[in-house]
Amino acid sequence: MTVLVYEDFGTGRHREASLIRHALGSVHDEEFVAGLAGGIGFLYYVFAYEGRPPLVSIVAQAHPEPWVQVALGRLGVPYEATRAMNPRWGRVRAALDAGQPAFCVVDRSALPWHGPDLDAEMTGTDAHTVVIAGYDGDDLLVEDGAETPYRIDREEFGAAWTAHRKGRHQLIVPTGPPEGEPDVAGAIASTAAHFDGPVLGNAFDVNFGFSAMEGLAAQLRDSSTGTGWEHRFGGTPEAFRAGTGRLYACLEEEWTAPGATRPLYADFLDLVGRPEAAGLFRESAGHWSELAALARDAAPDAGPGERRALFDACARHVDRCLDLERQAVRSLRG
């Protein structure tokens, strides 16, 4: 017997917002769901590895609070969130039989339709939310961005569920209809606070928000120290490709919607009557996308002068985004 709790699949502009929207019956716009989850943010960090180019990490969407729980909470949707030593297949089956989808956090590289595309150091840390939307015997029907659910054996899915060390066997099940009105004001306040206030409450906070943008611009311009982009990514064609490739991917494809998630968030702000901030974020989005395009189109064998010019041009775009987004956050607080 096949059980499928909903039939609307496929990613719109943002994968996780689409997952939540479908799981709740598509009663809310994707932009609204994304905005309530926090919408945008900015994390910038560079991981250094021995014997290989550094790995740039930029997260342009709201982070690190989990999208599913935050969105459900601000929508007023009751849910059950559990962790266990082993997969709770009985709870999954009971939820699906009751018409309730099951959100799980897995290791992306362990899913067969993604494959082992991570460095060995990152395996087990690539948190990736999917929805178990149904089952057919021992096969699970999983939504993960495609137009139809993926079919996967329960034990194979269980291995991916186990592989993500920090979220091992986390299960989130919406348990009822919304209660009360969506918390739009709380969502906007949280988004604004993460740009210039504490996020984690420790020294790593310098890598979030406006201070992270300032750090990115400074490192792009830096031609004299070990943390500058010229040192990290300007020495060899391999390193240059690694840096520019990650700039593009992080601003347009990974852990984001296109344009560093800013166009999606601007549409949310228009929906809730904040047009001034929406316009500022939309203008900033254009600069993020222009920066990403410069990185994407950079010649892998660019000479030292060309690399320097590219890094400086990218830094100017970051400067402009920083100015626009400071104005936007002030508008949100006004």
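Please refer to the structure higher up on the page.
In this report, the structure presented in the accompanying data block is examined. (Residues numbered from 1 in each chain as written. Predicted model: local features only at pLDDT ≥ 70, side-chain atom pairs only at ≥ 80, totals over all residues. Heavy atoms only, no water.)

Our focus in this paragraph is the overall build of the protein chain. Broken down by element type, the protein chain carries 12 helices and 9 strands. In terms of overall dimensions, the protein chain is globule-like: its C-alpha atoms have a radius of gyration of 21 Å, near the 20 Å expected for 334 residues. Each of the three principal axes of the protein chain carries a C-alpha extent, and together these read 65 × 50 × 35 Å. Relative to its 334 residues, the protein chain shows a buried fraction of 51%. Within the protein chain, contacts between residues at least 6 apart in sequence are counted, and of these 71% link residues at least 24 apart. Summed over its atoms, the accessible surface of the protein chain is roughly 14,200 Å², and 51% of this surface lies on carbon and sulfur atoms. Counting 30 positive and 48 negative side-chain charges, the protein chain places the centres of these two groups 4 Å from one another. (Helix = DSSP H or I, 4+ residues; strand = E, 2+ residues; numbered from the N terminus. Rg over C-alpha atoms; globule rule 2.2 N^0.38 Å. Buried < 20%, exposed > 50% of the residue type's maximum accessible area, 1.4 Å probe, protein only. Contact = heavy atoms within 4.5 Å. Areas by Shrake-Rupley, 256 points an atom, 1.4 Å probe, with all protein chains shown as cover. Lys, Arg positive; Asp, Glu negative; His and termini not counted. Charge placed at Lys NZ, Arg CZ, Asp CG, Glu CD.)

Our next topic: the packing of helix H6 (residues 184-196) against helix H12 (residues 304-333). Between H6 and H12, the shortest axis-to-axis distance is 10 Å and the interhelical angle comes to 140°. In terms of orientation, H6 lies oblique with respect to H12. Remark: the crossing between H6 and H12 carries left-handed chirality. On H12, the residues that touch Ile188, Ala192, Ala193, Phe195 and Asp196 of H6 are Glu325, Val329, Leu332 and Arg333. (Axes fitted to C-alpha atoms, helices over the stretch in contact; angles between N-to-C directions. Parallel < 35°, antiparallel > 145°, perpendicular 65-115°, else oblique. Left-handed = near helix turned anticlockwise from the far one by under 90°.)

Let us look at helix H10 (residues 262-271). Within the span of H10, buried status applies to Arg262, Leu264, Tyr265, Ala266, Phe268 and Leu269. Just past H10, the residue glycine 273 takes up positive phi, approximately 80°.

A few words on the nonpolar core. Residues Tyr44, Ile58, Trp229, Leu269, Phe281 and Trp288 are the most contacted members of the largest nonpolar core, which totals 73 residues. Among the elements that make up this core, the one with the highest residue count is H12 (11 residues). In terms of nonpolar packing, the next biggest core, distinct from the first, is built from 20 residues, Leu96, Ala102, Val106 and Leu171 among them. (Core = buried A, V, L, I, M, F, W, Y, C linked by side-chain atoms within 4.5 Å.)

A few words now on a positive patch on the surface. On the surface, a cluster of positive charge is contributed by Arg83, Arg165, Lys166 and Arg168. Looking at the secondary structure, you find arginine 83 in the loop between strand E4 (79-82) and helix H4 (89-97). (Patch = residues over 30% accessible without salt bridge, like charges linked within 9 Å, V, L, I, M, F, W, Y side chains within 5 Å. Salt bridge = Lys/Arg side-chain N within 4 Å of Asp/Glu carboxyl O.)

Enumeration over the complete set of coordinates arrives at 20 salt bridges. Between arginine 308 and aspartate 312 there is a salt bridge, and its shortest N-O distance comes to 2.9 Å. Linking arginine 308 with aspartate 312, this pair stays in helix H12, spanning 4 residues, or about one helical turn. By relative accessible area, arginine 308 is classed as buried at 17%.

Below, the discussion takes up the side chain of arginine 307. Structurally, the position occupied by arginine 307 is in helix H12. Nearest to the buried, unbridged arginine 307 among oppositely charged side chains is glutamate 230, at 7.1 Å. If we skip the residues at most four places from it in the chain, arginine 307 touches Gly234, Phe240 and Ala302.

Attention shifts here to the layout of surface pockets. Estimated volume of the second largest pocket: approximately 210 Å³. Forming the walls of the second largest pocket are 18 residues, and the residues nearest its centre are Ala23, Leu24, Gly25, Pro174 and Gly176. Among the residues making up the lining of the second largest pocket, the classes are represented as 11 nonpolar, 7 polar and no charged. (1 Å grid on protein atoms, 1.4 Å probe; cavity = no way out; pocket = protein on both sides within 12 Å on 5 of 7 lines; lining within 4 Å. Points joined across faces, edges and corners; volume = space filled by probe spheres on them. Nonpolar A, V, L, I, M, F, W, Y, C, P; charged D, E, K, R; others polar.)

Under the counting rule described, the total for this entry stands at 1 cavity of 30 Å³ or more. Quantified by volume, the largest cavity comes out at close to 50 Å³. Forming the walls of the largest cavity are Ala37, Gly38, Ile40, Ala62, His63, Pro64, Glu65, Arg74, Ser190, Thr191 and His194. Here the element with the most residues in the lining of the largest cavity is H6; it accounts for 3 residues. Residues belonging to the lining of the largest cavity are distributed by class as follows: 4 nonpolar, 5 polar and 2 charged.

These values are about where atoms sit, not about what they do.
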